[in-house]
Amino acid sequence: MHNSSFVSHLEGAIDGAALTPRIVHTTHKHRPILVRYDLDAVNLALNPRMLRDRPQTMWRYRELLPIDDDDAIVSLGETVTPLIHCPCLGARLGAPNLYIKDESRLPTGSFKSRGMAVAVSMAKQLGLTALAAPSAGNAGGALAAYAARANIPCFLFMPALTPAVNRAEALLHGANVFLVDGLINDCGRLVRDAADALGWFDMSTLKEPYRIEGKKTMGLELAEQLHWNLPDAILYPTGGGTGLIAMAKAFNELERLRWLTSPTRPRFYACQSSTCKPIVNAFLNGDRFAKPPDNPHTIAAGLCVPSAIGDFLILDAIRQSRGKALAAQESRIPEWMALASRTEGLSLCPESAVCVGALQLALASGDIRPDDRIVIFNTAAAQKYIETIPADIPVIDHNAPLDWPSLVNKST
Ligand SMILES: *Cc1c(COP(=O)(O)O)cnc(C)c1O
């Protein structure tokens, strides 16, 4: 195989150990592995001006992705997602410079496709023959779709409470799906056991090096869309934390490439629900590692991650950026979903609704100022969570005489 990527080596995130690239890796000391590039060589091969002529997909950052063999790329058309100014929602919250980066436009309706596009491409390049993952939400559907596209068998273990659409889409794409009477961590253990017993490859969050590289394109895109002038604050719905870790990595690489024009780096606000907030607890305690909370639950399925193996990377990224970890009240998630959906017409998922609540808290405490440039990531489409969307619709008896004024009052 020719080495066409700029990968220099891999690195154990916990101790910085250099690891051999271009062979199959899982974790190092049970912690995540990061991909490192020869960024001087990238700088010779690519500059921001050259990006102008490239297609509007995540593959425009090819030089900062780990795939060596172009033929291994598994793609469903991962479009650059729009960064949408939200003046009406911003006015309601007291933040006129509020933007939402709408990741719901990606294949399978969530940002999980960025990670899976690169991870499945690498799986194909490395010759893996069966992929497995635990998923409480969108990761399962995305893995199922990309595995189908790559023609690699896919096995998913989902908590019984996984949203119906996520279960259905995984089946639709031909995955072998198992429901587990437990949480994501219980599913994770089953995947580990099955992987050992049957030789499947474990695609769990941060248990292979490449999903993070795909998610990194969120940060690269955001930077390019803002002409390399990063915003003041980023609010990110944090479960396993891949997206936040990946964005911090993207900004580090862009800084080393000297492409950024902003004098300071954005403050990261990791947003969690009040009923599952291990990262918030660890942040407030000053801990480097998080502890699983008691009885974790939330309708924001992607945030129901009691223990994340990248916890220290999330907490490092928040602290280095001088941001915070914030918990918003679980019971108000539907209200925030509706607020964004009504004021701006966007299809905001419950996970990102948590960010709207967290933004209210940060504005009230003065952590985020009204004139800050603020970006919320909408990580998935609200339609994937039909269970959480109220659908009380008045029914009309079309044969009966209608009292129009009272009917209209009922519907509003
Ligand atoms: C998975 C998921 C998250 C959490 O993602 P991480 O980057 O792993 O923290 C947030 N929102 C949605 C919709 C998700 O599917």
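Keep in mind it's a predicted model, so treat the numbers as computed, not measured. Within any chain, residue numbers begin from 1 and follow the written order of that chain's sequence. For this predicted model, a pLDDT threshold of at least 70 governs which residues receive local features, and a threshold of 80 or more governs which side-chain atom pairs are given and counted, while totals over whole chains, interfaces and linings are taken from all residues. Heavy atoms from the whole structure form the basis of all side-chain values; hydrogens and water molecules are not counted.

Undergrad: In this structure, what is going on with the overall build of the protein chain? I would like to understand it.
TA: For the protein chain, the helix and strand inventory stands at 14 helices and 13 strands. Based on the C-alpha atoms only, the size of the protein chain along its principal axes is roughly 75 × 50 × 45 Å. Only protein chains enter the area calculation, which uses a 1.4 Å probe; residues under 20% of their type maximum are buried, those over 50% are exposed, and those in between are partly exposed. Counting all 412 residues of the protein chain, 57% fall into the buried class. We call two residues in contact when some of their heavy atoms are within 4.5 Å. Sequence-distant contacts, at least 24 apart, represent 70% of the contacts inside the protein chain between residues at least 6 apart. Surface accessibility follows the Shrake-Rupley procedure with a 1.4 Å probe radius. Residue values consider only the protein chains on display as shielding. For the protein chain, the accessible area works out to roughly 17,200 Å², and carbon and sulfur atoms hold 53% of it. For the protein chain, the separation between the mean place of its 40 positive charges and that of its 41 negative charges on side chains is 4 Å. Numbered from the N terminus, helices here are DSSP runs of H or I no shorter than four residues, and strands are runs of E no shorter than two. Only four residue types enter the charge count, namely Lys and Arg as positive and Asp and Glu as negative; His and the chain termini do not. Charged side chains are reduced to one point each, which is NZ for Lys, CZ for Arg, CG for Asp and CD for Glu.

Undergrad: It is not clear to me how the site of the ligand should be interpreted in this structure. Could you clarify?
TA: Note on definitions. A residue lies near a molecule or strand when any single heavy atom of the residue is within 4 Å of it. Near the ligand, the surroundings consist of 17 residues, among which Lys112, Tyr236, Gly241, Gly243 and Thr379 are the closest. Between the ligand and Tyr236 there is a distance of 2.7 Å, counted from an oxygen atom to a side-chain nitrogen or oxygen. Between N or O atoms, a polar contact is any pair within 3.5 Å; within protein, one atom must be a potential hydrogen donor and the other a potential acceptor, and residues adjacent in sequence are included only when both atoms are from side chains. Here a nitrogen atom of the ligand and a side-chain polar atom of Thr379 are 2.7 Å apart. Bound to the protein, the ligand loses 96% of the 380 Å² it would expose on its own. Here a cavity denotes grid points, spaced 1 Å and computed from the protein atoms alone, that fit a 1.4 Å probe unable to get out, and a pocket denotes an open set having protein on both sides within 12 Å along at least 5 of 7 lines; residues with an atom within 4 Å of a point are the lining. The rule for placing a molecule in a cavity or pocket is simple: more than half of its atoms must lie within 2 Å of the grid points. One can see that the ligand is located within the largest pocket. Elements with a minimum of two residues in the shell around the ligand: strand S10 (233-237) and helix H9 (242-257). Each residue gets one of three labels, nonpolar for Ala, Val, Leu, Ile, Met, Phe, Trp, Tyr, Cys and Pro, charged for Asp, Glu, Lys and Arg, and polar for the others, Gly among them. For the shell around the ligand, the class distribution of residues is five nonpolar, nine polar and three charged.

Undergrad: Could you clarify how one ought to interpret the packing of aromatic side chains in this entry?
TA: Think of a pair of aromatic rings as described by two things: how far the centres are apart, and how the planes are tilted against each other in angle. Classification of ring pairs rests on two measures: the distance between centres of Phe, Tyr or Trp rings, Trp counted by its six-membered ring, which must be within 6.5 Å, and the angle between planes, read as stacked under 30 degrees, edge-to-face over 60 and tilted in between. Tallying each qualifying case throughout the model produces eight aromatic pairs. With 3.9 Å between their ring centres and 10° between their planes, Phe155 and Trp200 make a pair best called stacked. With a gap of 45 residues between them, Phe155 in strand S7 (residues 154-159) and Trp200 in the loop between helix H7 (184-198) and strand S9 (201-202) connect regions that are remote in the sequence. In this pair, the class of Phe155 matches that of Trp200, namely buried. The rings of Phe155, Phe157, Phe178 and Trp200 are connected pair by pair, giving a single aromatic cluster.

Undergrad: What is the right way to read the sheet that holds S9 from this model?
TA: Strands in a sheet are paired, the pairing made by backbone hydrogen bonds, and the direction either parallel or antiparallel. When DSSP locates at least two bridges between a pair of strands, those strands are taken to pair. If you trace the four strands from one edge of the open sheet to the other, you get S8-S7-S6-S9, paired in parallel fashion. Either end of the sheet is taken by a strand with one partner, and the two such strands are strand S8 (176-180) and S9. Throughout, an axis means a line fitted to C-alpha atoms (over the contacting stretch in the case of helices), and angles, computed between N-to-C directions, take values from 0 to 180 degrees. Where helix H5 (residues 138-150) meets the sheet, its contacts fall on strand S6 (131-134) and S7, and the angle it forms with S7 comes to roughly 170°.

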